[in-house]
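Now for the letters of each chain:
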Amino acid sequence: MGSYYINRTFFFDVHPPLGKMLIGLAGYLSGYDGTFPFQKPGDRYEQHNYIGMRGFCAFLGSCLVPFAYLTVLELSKSLPAALLTAFILIFDTGCITLSQYILLDPILMFFLMGAVLSMVKCNSCADRPFSASWWFWLSLTGVSLAGAMGVKFVGLFVVLLVGLNTIYDLWDLLGNLSLSLVMFGKHLLARVLCLIVLPLALYTAMFAVHFAVLNRSGPGDGFFSSAFQSQLIGNNLHNVSIPEHLAYGSVVTMKNLRMAGGYLHSHWHLYPEGIGARQQQVTAYLHKDLNNLWVIKKHDSDTADLSDPSSPVEFVRHGDIIRLEHKETSRNLHSHQHEAPLTRKHFQVTGYGINGTGDSNDFWRIEVVGRKTGKLIKVLRSQVRLTHVATGCILGSSGKTLPKWGWEQVEVTCTPYSKETPNSLWNFEDHINPKLPNISLDVLKPSFAEILLESHMVMIRGNSGLKPKDNEVTSKPWHWPINYQGLRFSGVNETDYRVYLLGNPVIWWLNLVTIGLYLLITVCTAVALKRGVQLTSELKELSRVVLRAGGQITLGWLLHYLPFFMMGRVLYFHHYFPAMLFSSMLTGITWDALLKFCAVFLSPSTTARKIYGGGFLALVLLILYRRERTKRGEIREKTINDRLRDQQCF
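What counts and how
- Residues numbered from 1 in each chain as written.
- Predicted model: local features only at pLDDT ≥ 70, side-chain atom pairs only at ≥ 80, totals over all residues.
- Heavy atoms only, no water.
- UniProt positions renumbered as here; feature names shortened; annotations may be inferred.
- Helix = DSSP H or I, 4+ residues; strand = E, 2+ residues; numbered from the N terminus.
- Core = buried A, V, L, I, M, F, W, Y, C linked by side-chain atoms within 4.5 Å.
- Buried < 20%, exposed > 50% of the residue type's maximum accessible area, 1.4 Å probe, protein only.
- Domains from an automatic or database assignment.
- Contact = heavy atoms within 4.5 Å.
- Patch = residues over 30% accessible without salt bridge, like charges linked within 9 Å, V, L, I, M, F, W, Y side chains within 5 Å.
- Areas by Shrake-Rupley, 256 points an atom, 1.4 Å probe, with all protein chains shown as cover.
- Salt bridge = Lys/Arg side-chain N within 4 Å of Asp/Glu carboxyl O.
- Expected span 1.5 Å × (residues − 1).
- Disulfide = S-S within 2.5 Å.

1. Re the UniProt feature "transmembrane region" (unreviewed entry) in the chain
According to UniProt, the positions carrying the feature "transmembrane region" (unreviewed entry) are residues 51-72, 79-101, 135-168, 188-214, 506-529, 549-572, 579-602 and 608-625. Along residues 135-168, the helical share is 91% and the strand share 0%, with 19 Å between the first and last C-alpha atoms.

2. Things to note about the nonpolar core
One finds Leu-84, Met-113, Tyr-576, Phe-577 and Phe-582 to be the most contacted residues of the largest nonpolar core, which totals 116 residues. Per-element tally for this core: the top contributor is helix α7 (residues 105-124), with 13 residues. Two domains each provide a minimum of three residues to this core, namely domain 1 (1-48 + 103-215) and domain 3 (480-649). Not counting residues within four places of it along the chain, the set of residues in contact with Leu-84 comprises Thr-587, Gly-588, Trp-591, Phe-616, Leu-619, Val-620 and Ile-623. By size, the runner-up hydrophobic cluster in this structure holds 35 residues, among which are Ala-227, Val-282, Val-368 and Cys-414.

3. Description of a nonpolar patch on the surface
A contiguous nonpolar patch, built from Trp-478, Ile-482, Tyr-484, Trp-509, Leu-512, Leu-558, Leu-562, Phe-565 and Met-566 and spanning about 950 Å² of accessible area, is present on the exposed surface. Take Leu-562: it is sitting in the loop between α14 (537-561) and α15 (577-601). Owing to a relative accessible area of 41%, Leu-562 belongs among the partly exposed residues under this scheme.

4. So, unusual backbone geometry
With phi around 60°, Asn-239 is a residue other than glycine that occupies positive phi space. For Asn-239, the location among the structural elements is in the loop between α11 (226-229) and β1 (241-243). Here Asn-239 falls in the exposed class, since its relative accessible area comes to 57%.

5. Some words on helix α4 (residues 64-76)
Since the α-helix packs 3.6 residues into each turn, any two residues three or four apart lie on the same face. In this model, α4 (13 residues) spans 18 Å end to end at C-alpha, consistent with the 18 Å of a helix rising 1.5 Å per residue. Along α4, the residues classified as buried are Leu-64, Val-65, Phe-67, Ala-68, Thr-71, Val-72, Glu-74, Leu-75 and Ser-76. On its buried face, α4 sits against α3 (51-62), α5 (79-90), α7, α14 and α15. Residue Lys-77 follows α4 closely and has a positive phi angle near 55°.

6. Details of the state of the cysteines
Scanning the model with the defined rule gives one disulfide in all. Sulfur-sulfur distance for the disulfide between Cys-393 and Cys-414 comes to 2.0 Å. Around the S-S axis, the bridge from Cys-393 to Cys-414 shows a dihedral of about 95° and counts as right-handed. Here Cys-414 lies in strand β12 (residues 410-415) and Cys-393 lies in the loop between β10 (384-388) and β11 (394-401), a separation of 21 residues in the sequence. We note that Cys-393, like Cys-414, is buried. Its sulfur unpaired, Cys-63 is 12 Å from the next cysteine sulfur, which belongs to Cys-57.

7. Observations regarding the side chain of Glu-454
Counting through the fold element by element, Glu-454 comes out in helix α12 (residues 448-464). Residue Glu-454 is classed as buried on the basis of its relative accessible area, which comes to 17%. With near-sequence residues (within four places) excluded, Glu-454 lies in contact with Phe-224, Ser-225 and Phe-228.

Listed below in structure tokens is the structure:
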């Protein structure tokens, strides 16, 4: 995708564009020419300069360590807690693997941790609001939020975390009676500007750059509407002139609005025996073809006279009842109560009749979404729905691929359910009518706001429809914290060079145990405070760190983990890594607090210091030992040539 930016070729991805743009920029600045095909992991780069893109991702991945260190140091005011967190991230094999390749994840986690660090730093400036440092960290929080959202939609989870923190702060300020309502309004306005307006402006600007750079036709055209495609250089709709409004007698093509939707299509082949009525097949076809052409006719008369140049033009209007005659075979678009080939409870759609003569099951009511009866219908722009007059069903594409008898084209059905989805909406793309004046499609081009909205609808539908590829290992959210199963980045056979994403087991299991330990410490601390137990100043400060700092980090872990249980899309092991950052920070804070609690209750002070220092040393040595064992295993498995190839393959 970085190559597409360098070549200015339009493509489609389920994620926002910032991460790919930054990778493309890194490649461009480092001399990469955008010609490497990136077909199969393990292919040699040969002469292609990939170092800039790899180095950029590795640099951002490396920044996670100081970001986490500074965040924990700011929250806990404890150097050992911050150092333990840094050790965990430095020696986790998963973080190292994820950062050393050209991936979106290190970029996402960079902005995510940047937002968390900026939020924590801004909270520490609460005693000097509207100072230069306060404004700096508040603004940097907004910039980081825009970056996180601009890489992946998972960035919305950190937006929610910062939003909840902001609501808590504002609620606290509202209860401060020494603060005037005017000053509270200033606090509110500052947060609206820096945490809402600024991120949205930057996020919108990313898409403006994205669409400005990718101005050439490419593999992503078919995912977007015909109106959008008309703006891409090299697309068959670019710089085309066609009549603007539909009229009877016009020859048209109809494109389904579902993602990668095809054109309404028919051919001479019939449905086989046992598949509904043995009539002409109607399908959706993904490519341009003469069999995509249809003639718009009135439902109650022939349109032969309309081909006469002297006859008046009669436009098709919203609410009209029409017939669609297939131009190549002269069969009418037809439906009846026979079941569709693949989709149960949907009706079959066929081509029926001879030379345009059929029956009442050929009648369709054409309706434009959001328009009133009698309004004209525009090519490209109008989203239309065809309702079968006899049965009330709606023409749509199911998205299912027909067997070989249907030439593996997409099934078209008539659905009796009136729920409006992109599957049941169409737009007119090609339009031929010699009696109508042509206009340039530039007149019909969508506005930036419409393009922005369309791109997000396509991304959301694409995300929800993701399915696993062949030989691809997926996982479930409960697998992730226990390091149950990793993710193969490359290599299927034993002879292939293999890269496998898996976390350091000691670190991941330690993080998991720590979550339970933190909940236990929190309950005990809350009960002690509720019962009025007298605590020393040191214990009070520890309690504050456990409840406030640990609570913020735990909330971040929950927000970045629990939503995956509700997602219907395919999931992978790497989705847990943002949550893993929070669990690693929680480990540093929790074990520091636990060892300090133990030290306070033990005497003399020499013994306490030994327990505190020995506990941290044991944790660090355990992490280092496991990392060294993993490293030795890797060295035994690889040959010298393999390790060289690691640097030369993607």
